[in-house]
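Fold and geometry: a report
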Amino acid sequence: MAFLEKSQDRVLTHTFPGMAHRPAFMAAIPQLMYAWEAKVIDTFKQIQTRLEATPHLLRLGRLFSETVLIEVGGDEFYLSFEKGRIVSVVEGPSRKTPWRFALRTDAEALNKFWEARPEPGFHDIFGLVKIGRGRIDGDILSLVKNLRFFKEVLTLARAKEELAA
């Protein structure tokens, strides 16, 4: 009790003029993160729409019914496929959502991957792994069995930009 009484009498030295304004500045950072997450989800929704309009990919993925984890800079997104169609895009993290394999990368690498003409190393998911900007975890056999389908689905975000380039 004597210690508590002494601490109430002294002046705190770690407060500075203008500190009340800092929380407002710090509150803007989560908004930027939410904007990035919304952009990624919108991109996955575009991929979902383009996949529905691409019959050869639907044929390639007709036996693929799994959930895939895409982790971008610590943010988790779960793509659920059912017979080659994306049925849901769910934002994580979730310890209860089972996934078959995961692609983990950072935001800058994913942006470069989705460019119309990506630089060498950013053109492919294994290129990201080779240059140290990506990691693949989980059931690799499931990925390899459906490799062409999965790689082409992820590159659907480039399709519109390639036509303009």
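Keep in mind that what you see is a predicted model, and the values were worked out from it rather than measured.

**Side note on the overall build of the protein**
- Assigned secondary structure in the protein consists of eight helices and five strands.
- Counted from the first residue to the last, the protein has its helices and strands arranged as α-α-α-β-β-β-β-α-α-β-α-α-α.
- Within the protein, the fraction of its 165 residues that count as buried is 37%.
- In the protein, of all internal contacts separated by at least 6 residues, the share reaching a separation of at least 24 is 63%.
- Counting only carbon and sulfur atoms, one obtains 59% of the accessible surface of the protein, whose full area is about 10,700 Å².

**A closer look at unusual backbone geometry**
- For the bond running from Gly 92 to Pro 93, omega is 5°, close enough to zero to count as cis.
- Within the secondary structure, Pro 93 sits in the loop between β3 (85–91) and β4 (101–105).
- The phi angle at Lys 83 is positive, at roughly 55°, despite the residue not being glycine.
- Positionally, Lys 83 belongs in the loop between β2 (75–82) and β3.

**Looking at the environment of Val 72**
- Mapped onto the elements, Val 72 comes out in strand β1 (residues 67–72).
- Taking the relative accessible area as the measure of exposure, Val 72 reaches 1% and is therefore buried.
- The sequence separation of Val 72 and Glu 108 amounts to 36 residues, and the corresponding C-alpha distance is 9.1 Å.
- Aside from chain neighbours lying at most four places away, what touches Val 72 is Trp 36, Phe 77, Thr 105, Asp 106, Ala 107 and Leu 110.

**A closer look at helix α7 (residues 147–154)**
- Among all positions in α7, only Phe 149, Phe 150, Val 153 and Leu 154 are buried. One side of α7 carries all its buried residues, which in axial view fall inside an arc of 125°.

**Regarding the side chain of Asp 124**
- Tracing the sequence through the fold places Asp 124 in the loop between α4 (107–113) and α5 (125–130).
- A relative accessible area of 14% places Asp 124 in the buried class.
- At a separation of 3.0 Å, a polar atom in the side chain of Asp 124 contacts the side chain of Lys 151.
- Beyond its immediate sequence surroundings of up to four residues, Asp 124 is in contact with Phe 113, Lys 151 and Arg 158.

**A short note on the pattern of salt bridges**
- Counted under the stated rule, the structure contains 13 salt bridges.
- The closest approach of N and O atoms between Arg 100 and Asp 139, which form a salt bridge, is 3.8 Å. On the criterion of sequence distance, the pair formed by Arg 100 in the loop between β3 and β4 and Asp 139 in the loop between β5 (134–138) and α6 (140–145) is long-range, its members being 39 residues apart.
- Through salt bridges that share partners, Asp 106, Glu 108, Lys 112, Glu 119 and Arg 133 make up one connected network.

**As for the packing of aromatic side chains**
- The full count for this structure, using the stated rule, is seven aromatic pairs.
- Their ring planes at 85° and their centres at 5.8 Å tell us that Phe 44 and Trp 114 sit as a pair that is edge-to-face. A residue pair is termed long-range when its members are at least 10 positions apart, and Phe 44 in helix α2 (residues 22–52) and Trp 114 in the loop between α4 and α5 qualify at 70 residues.
- On the basis of relative accessibility, which here comes to 1%, the residue Phe 44 falls in the buried class.
- For Trp 114, a relative accessible area of 8% translates into the label buried.
- Aromatic rings pair up to connect Phe 64, Phe 81, Phe 101, Phe 149 and Phe 150 into one cluster.
- Above the plane of the ring of Phe 113 lies Arg 158, whose end atom (NZ or CZ) is 4.5 Å from the centre.

Reading the values: rules and limits
Residues numbered from 1 in each chain as written. Predicted model: local features only at pLDDT ≥ 70, side-chain atom pairs only at ≥ 80, totals over all residues. Heavy atoms only, no water. Helix = DSSP H or I, 4+ residues; strand = E, 2+ residues; numbered from the N terminus. Buried < 20%, exposed > 50% of the residue type's maximum accessible area, 1.4 Å probe, protein only. Contact = heavy atoms within 4.5 Å. Areas by Shrake-Rupley, 256 points an atom, 1.4 Å probe, with all protein chains shown as cover. Arc of directions from axis to C-beta. Polar contact = N/O pair within 3.5 Å; in protein donor to acceptor, adjacent residues only side chain to side chain. Salt bridge = Lys/Arg side-chain N within 4 Å of Asp/Glu carboxyl O. Phe/Tyr/Trp six-rings, centres within 6.5 Å; stacked < 30°, edge-to-face > 60°. Lys NZ or Arg CZ within 6 Å of the ring centre and 35° of its normal.

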